Amino acid sequence: MRNDDVEQALAFHNATKYYALSDSEPGDDRIGMGDPADRREAIWQKDWDIKPLLYKVYEGLAPIELPRELPDTGMPTLAAIAATGTSGSAAVPDKALLGRLGLLTNGSLDRTWTSADGREHHYRTAGGTGALYHLELYFVCAELADLPAGVYHYSAIDHTLRQVRAGDFRAALAAATGQEPSIAAAPVVLAVTSTFWRNAWRYRERAYRHTFWDAGTSLSHILAVAASARVAATLVLGFADAAVNALLDVGGTRETAVALVALGHTEAAAPPAPEVGRLDLPTRPLSSAEVTWHALTDMHLASCLPTGADAGQWRSRRWERTPPPPAGPLTALAPLPADRLDARPPEQIIFRRRSTRKYDTDVEIPFAAFSTLLDRSTRGVASDVLAPGAPLTDLYLVVNGVEGLAPGIYLHHPRLGAVELLREGGFRAEATRIAADQRYAGDAHVNLYYLAHLPSILDRYGNRGYRLAQLEGALHAGKLHLGTHALGLGAVGSTAFDDEVVDFFSPHAAGKDYAFVTVFGKRRATSRTTRGR
Ligand SMILES: Cc1cc2nc3c(=O)[nH]c(=O)nc-3n(C[C@H](O)[C@H](O)[C@H](O)COP(=O)(O)O)c2cc1C
């Protein structure tokens, strides 16, 4: 693998930092991005005539119907989110499971919301930045009991599959990952792609961070649904980008693969793959014109791996990170025992999930609920590069309303099953401020900030480590979001003013970078979802 110049990732990170505009500066959203000396508005979204279509639609490929019925798997959501992917691996994916994964991750909901300007907004089963839904799902399949071998696209607009290629191409995918063991043995591999423009239309270059925030959020659904189906699942982030993109027939700069998930396990070796020719299948145009944000595409290209051998070498850098021991007072978490978990499986909870932005500031949430969510959302996943139980990011908490826990700032120690008090005090106003002046953060019972020490992550993983730093917190937060609904609570993902976050958590967080934030708590009874950023 070439020696990365990781200055590129650091420069990209700085150029996409959010900061607060002063009252005297013009700008609708009160947010600037990048270097304040070179003022740039953070939110673009100037031209509604070119707002991208929310769906990828293949013109001319026949739809393959998928069932909509959801089985009761008997797997509690809080158990499914905590699964690390390898247990109960006997089950083999079938067409119904592919349909469930599509529907419960990227499926369209009937729910719409009309904003004051009369525009209608659509929703999906998984949340996403700005409800812009730039992710697509593909399945690379062996011959299944009820589906011929092929490469399929999940069509969110009508809940069907489209066959993009006929034949068993898994060997090509295994080669692209340098024979990553879970991919080489999987009857089905799910690929998540992002089409940058669909998010960058509003968020400009910062859409590259959102690519991995939203992918992490969606992956939390994918992995929970696979766990509830007792299908082995391994998240694979090391692959030769061009080879995977060629197989999916996506160009690689407009739409590009961002994650693979090996599903199931078979002893039978994949046959040699047919030749991967270019297809250029016609798809419905997204908009009449597109803007390319070059800093975004340059960052993406700088984090690509050229060959399967490079992917294998990258994977060998897997980091079992040991965080520093606590220096302050510890409070042991007291999670609910397994036999006291709400019984509803992810298949039910996901349809109840929505973003919660109104919180009941008159009550506290139970310490057991707080403990259960921290414990079960941070156990990690089976992965080629992320080690379960050894997160790359540190989890800082602003506790505003948890029974038996003094309000203040805490650090989660997953291996110790405890939180360390860093600073006691009421910080609701500060919580609102650092979450880009969003009031729900100050009202919420808990704010969770995932902070990354980018220099050491990039030193280990090169520029591709930037993807990991962005994705990991969002994956854990997505799991937590599902878990809140199994506990009668709610959550919302968020954005934040980068440097103000780090300052707020310093001196402890000095030198680290803001990667992601989510907040959760008890919904206010009269709560109504309002549109966010
Ligand atoms: C990664 C991520 C970041 C988000 N950031 C914000 C935010 O800063 N402010 C906000 O109000 N909502 C935020 N949201 C919530 C989205 O706006 C919401 O998911 C989307 O509008 C769809 O609504 P739903 O989650 O109720 O289905 C975020 C969601 C995700 C997944």
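Keep in mind the model is a prediction, meaning the values are calculated, not measured.

Here the focus is the overall build of the protein chain. Across its full length, the protein chain holds 17 helices and 18 strands. Taken against the 2.2 N^0.38 rule, which gives 24 Å for 533 residues, the C-alpha radius of gyration of the protein chain at 22 Å falls within 12% of a compact globule. Along the first, second and third principal axes, the C-alpha atoms of the protein chain reach 60 × 55 × 50 Å. In the protein chain, which comprises 533 residues, the proportion classed as buried is 59%. Of the contacts made within the protein chain by residues no fewer than 6 positions apart, 80% connect residues no fewer than 24 positions apart. Of the roughly 19300 Å² of accessible surface on the protein chain, a fraction of 51% belongs to carbon and sulfur atoms.

Before going further, it helps to examine the packing of aromatic side chains. The full count for this structure, using the stated rule, is 17 aromatic pairs. In textbook terms, an aromatic cluster arises when at least three aromatic residues are bridged by ring pairs, as seen for Trp-213, Tyr-396, Phe-427, Tyr-449, Tyr-450, Phe-504, Phe-505, Tyr-514 and Phe-516. A cation sits over an aromatic face here: Arg-423 above Phe-504, 5.4 Å from the ring centre. Between the NZ or CZ atom of Arg-464 and the centre of the ring of Phe-239, over which it lies, the distance is 4.8 Å.

Applying the stated criterion to the full structure yields 23 salt bridges. Residue Arg-206 pairs with Asp-498 through a salt bridge whose shortest N-O separation is 2.9 Å. Taken together, the positions of Arg-206 in the loop between α6 (197-203) and α7 (207-228) and Asp-498 in helix α17 (residues 498-505) put the pair 292 residues apart, joining distant regions of the chain. A single burial state applies to Arg-206 and to Asp-498, both of which are buried.

We now examine the nonpolar core. Among the nonpolar cores identified, the biggest contains 143 residues, and Leu-235, Phe-370, Leu-397, Tyr-449, Phe-505 and Phe-520 are the most heavily contacted of them. The greatest single-element share of this core, amounting to twelve residues, is contributed by α7. Residue contacts for Leu-397: discarding those within four places in its chain leaves Phe-370, Leu-374, Gly-408, Ile-409, Tyr-410, Val-419, Val-446, Asn-447, Leu-448 and Phe-505. Core analysis: the second largest hydrophobic core is formed by 23 residues, Tyr-58, Phe-169, Leu-173 and Ala-262 among them.

We now examine the sheet that holds strand β13 (residues 393-399). Strand order in this open sheet of seven strands is β12-β15-β14-β13-β16-β18-β17, and the pairing throughout is antiparallel. Looking along the sheet, the strands with just one partner apiece sit at the ends: β12 (330-332) and β17 (490-494). Averaged over all neighbouring strand pairs, the angle between strand axes comes to 25 degrees, with direction disregarded. Sheet topology places β17 next to strand β18 (residues 513-521); five bridges connect them, and they run antiparallel. When the bridges of β18 are listed, Gly-490 appears paired with Gly-521.

The next subject is the packing of helix α3 (residues 95-106) against α7. Where α3 contacts α7, the axes come no closer than 9 Å and their chain directions differ by 145 degrees. In this structure, the crossing between α3 and α7 has a hand that is right-handed. Along the contact surface, α3 presents Leu-97, Arg-100, Leu-101, Leu-104 and Thr-105, while α7 presents Ser-218, His-221, Ile-222, Val-225 and Ala-226. A breakdown of the residues in the contact of α3 with α7 according to their chemical character gives six nonpolar, three polar and one charged.

With that settled, consider unusual backbone geometry. Pro-507 follows Ser-506 through a cis peptide bond whose omega is 15 degrees. For Pro-507, the position within the fold is in the loop between α17 and β18. Even without a glycine there, the phi angle at Tyr-133 is positive, about 45 degrees. Here Tyr-133 is to be found in the loop between β5 (120-124) and β6 (135-141). Residue Tyr-133 is classed as buried on the basis of its relative accessible area of 8%.

Helix-helix packing is characterised by the crossing angle of the two axes and by the distance between the axes. Contact geometry for helix α1 (residues 7-15) and helix α9 (residues 294-302): axes closest at 10 Å, N-to-C directions at 150 degrees. Between α1 and α9, the angle falls in the class roughly antiparallel. Of the two elements, α1 crosses α9, and the hand of that crossing is left-handed. Residues Gln-8, Ala-9 and Phe-12 of α1 form the contact with α9, whose own contacting residues are Ala-295, Leu-296, Asp-298, Met-299 and Ala-302. Counted by class, the contact of α1 with α9 contains six nonpolar, one polar and one charged residues.

In this structure, the largest pocket occupies an estimated 440 Å³ of space. Tallied by class, residues from the lining of the largest pocket come to seven nonpolar, seven polar and nine charged. The calculated volume of the second largest pocket comes to roughly 340 Å³. Every residue lining the second largest pocket is counted, 25 residues in all, and those nearest its centre are Arg-321, Pro-323, Pro-324, Asp-394 and Leu-411. Only β13, β14 (408-413) and β15 (418-424) provide two or more residues apiece to the lining of the second largest pocket. Each residue belonging to the lining of the second largest pocket can be placed in one class, and the counts come to twelve nonpolar, nine polar and four charged.

Calculation notes
In this convention, every chain numbers its residues from 1, walking through the sequence in written order. Selection of residues for local features in this predicted model requires a pLDDT of at least 70, selection of side-chain atom pairs for listing and counting requires 80 or more, and totals for whole chains, interfaces and linings are taken over all residues. Side-chain measures were taken over the full set of non-hydrogen atoms in the model, leaving aside hydrogen atoms and water. Strands are runs of DSSP state E lasting at least two residues, helices are runs of H or I lasting at least four, and both sets are numbered from the N terminus onward. The reference for a compact globule is 2.2 Å times residues^0.38; the radius of gyration itself is calculated from the C-alpha atoms. With a 1.4 Å probe rolled over the protein chains alone, any residue whose accessible area is under 20% of its type maximum counts as buried; one over 50% counts as exposed, and the rest are partly exposed. Contacts are assigned to residue pairs with any non-hydrogen atoms lying within 4.5 Å of each other. Reported accessibility uses the Shrake-Rupley method at a 1.4 Å probe radius. Residues are deemed covered only where the shown protein chains occlude them. Aromatic contacts are taken between Phe, Tyr and Trp rings whose centres are within 6.5 Å, Trp giving its six-membered ring; a plane angle under 30 degrees counts as stacked, one over 60 as edge-to-face, and the others as tilted. The criterion is that NZ of a Lys, or CZ of an Arg, lies within 6 Å of the ring centre and within 35 degrees of the ring normal, and then a charge sits over that ring. The salt bridge criterion pairs a side-chain nitrogen of Lys or Arg with a carboxyl oxygen of Asp or Glu, the two atoms within 4 Å. We define a nonpolar core as any set of buried Ala, Val, Leu, Ile, Met, Phe, Trp, Tyr and Cys residues linked to one another through side-chain atoms lying within 4.5 Å. The rule for pairing is simple: two strands pair if DSSP sees at least two bridges between them. Helix axes use the C-alpha atoms of the stretch in contact, all axes being lines fitted to C-alpha atoms, and the angles between their N-to-C directions lie in the range 0 to 180 degrees. Left-handed describes a crossing in which the near helix is turned anticlockwise from the far one by less than a right angle; the clockwise case is right-handed. Polarity classes work like this: nonpolar for Ala, Val, Leu, Ile, Met, Phe, Trp, Tyr, Cys and Pro, charged for Asp, Glu, Lys and Arg, and polar for all others, with Gly in that last group. Each angle receives one of four descriptions, namely roughly parallel if under 35 degrees, roughly antiparallel if over 145, roughly perpendicular if within 65 to 115, and oblique otherwise. The method works on a 1 Å grid over the protein atoms by themselves. A cavity is a set of points holding a 1.4 Å probe that cannot get out, a pocket is an open set with protein on both sides within 12 Å along at least five of seven lines, and residues with an atom within 4 Å of a point line them. Grid points are joined across faces, edges and corners, and a volume is the space filled by probe spheres set on the points.

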